[in-house]
Amino acid sequence: MRIVIAEDDPLLREGLALLLRAEGLDVVATTGTPEEALVAIDVHKPDVAILDVRMPPTHTDEGIVAAVEARRRRPDLAVLVLSAYVEQSFATELLGGRVNGLGYLLKERVGRVEEFLDALRRVAGGGTAIDPEVVAQLFTRSRQDTRLERLSPRERDVLALMAEGLGNSAIAEKLVVTDGAVHKHIRSIFAKLDLCSTDQVDRRVAAVLWYTEDLRRLAC
């Protein structure tokens with residue numbers, strides 16, 4: 001198994017390389033930036049690329065961007081992404097496409113050597129290795145997103161107008177219903193979204209946030 005490692009922390013990078021070499025695996029290159037990683041992948045044509053999520057220059061999503069680009073260049077490349085903690089938006093972006101030969105693990109798993117090596121071999125073999133904590137948080141998010149499915153078509157219309165910044169009277173005029181009907185719909189929206197705050201403004205803002213997040217998710 002030929003491996004390229006991309007990790008900006010030199011201690012972790014070299015420690016990981018030593019661990020893998022001690023297991024008889026061929027670490028063909030270690031890099032500290034996403035650009036170097038892509039070059040190493042092009043040159044050495046590894047079986048697996050191990051990439052940190054946060055790398056220079058901004059330490060945000062460079063590793064994810066590099067992983068997606070590496071898979072675009074070489075669809076057969078297995079990729080194992082490491083992260084210090086669960087980053088839902090990045091995990092969703094990475095896992096949104098083909099998941100064969102793909103892994104997303106928390107860095108703490110590296111210390112559990114057998115568990116880490118098992119995940120690496122599974123990914124290299126075309127399987128998937130997703131950290132249980134990542135699965136748990138993505139599943140929680142998925143369950144939350146389904147709350148909007150509880151709304152009736154009319155309630156979704158009301159919520160869409162709320163998201164545009166319209167007040168109750170303006171919504172009533174737009175939908176040609178009474179203010180009382182709008183108030184009833186909004187109370188139902190709050191109940192179906194499990195928004196139990198006694199602060200009316202906070203609940204209204206929270207409901208709009210649910211709606212805009214759902215639109216963003218569907219657009220991805």
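Here's a quick rundown of the structure. (Residues numbered from 1 in each chain as written. Predicted model: local features only at pLDDT ≥ 70, side-chain atom pairs only at ≥ 80, totals over all residues. Heavy atoms only, no water.)

1. As for the overall build of the protein chain
Okay, step 1: Within the protein chain, the secondary structure is distributed over ten helices and six strands.
Okay, step 2: Among the 220 residues that make up the protein chain, the fraction classed as buried is 42%.
Okay, step 3: Across the protein chain, the fraction of contacts at a sequence separation of at least 24, relative to all contacts at a separation of at least 6, is 64%. (Helix = DSSP H or I, 4+ residues; strand = E, 2+ residues; numbered from the N terminus. Buried < 20%, exposed > 50% of the residue type's maximum accessible area, 1.4 Å probe, protein only. Contact = heavy atoms within 4.5 Å.)

2. Some remarks on the sheet that holds strand β6 (residues 128-130)
Okay, step 1: Ordered by their spatial adjacency, six strands build an open sheet running β2-β1-β3-β4-β5-β6, and the pairing between neighbours is parallel. Two strands close off the open sheet at either side, each with one partner strand: β2 (26-31) and β6. Between one strand and the next, the sheet's axes are offset by a mean angle of 20 degrees, whatever the strand orientation.
Okay, step 2: As judged from the four bridges shared by strand β1 (residues 2-6) and strand β3 (residues 48-52), these two strands associate in the parallel manner. Looking at the pairing, A6 lines up with L51 of β3.
Okay, step 3: On the sheet, helix α1 (residues 10-22) packs against β1, β2, β3 and β4 (78-83) and is oriented at approximately 175 degrees with respect to β2.
Okay, step 4: On top of the sheet, helix α2 (residues 34-44) reaches β1, β2 and β3; it is set at about 150 degrees to β2, its chief contact. (Pairing = 2+ DSSP bridges. Axes fitted to C-alpha atoms, helices over the stretch in contact; angles between N-to-C directions.)

3. So, the side chain of S83
Okay, step 1: Tracing the backbone through its elements, the reader meets S83 in strand β4.
Okay, step 2: Ignoring sequence-local partners within four residues, the contact set of S83 consists of D52, V53, Y104, L105, L106 and K107.

4. Topic: α2
Okay, step 1: Among all positions in α2, only P34, A37, L38, A40 and I41 are buried. The buried residues of α2 occupy one face: seen down the axis, they fall within an arc of 160 degrees.
Okay, step 2: Buried residues belonging to α2 abut β1, β2, β3 and α3 (62-73).
Okay, step 3: The positive-phi residue at the C-terminal boundary of α2 is K45, with phi of around 50 degrees. (Arc of directions from axis to C-beta.)

5. Details of the pairing of β1
Okay, step 1: With four of its five residues buried, β1 lies for the most part within the structure.
Okay, step 2: Judged from the five bridges that link them, β1 and β2 form a sheet pairing that is parallel. Opposite I5, over in β2, you have T30 as the bridge partner.
Okay, step 3: The β-α-β motif built from β1, the intervening α1 and the parallel element β2 has right-handed crossover chirality. (Right-handed = clockwise from strand over helix to strand, strands pointing away.)

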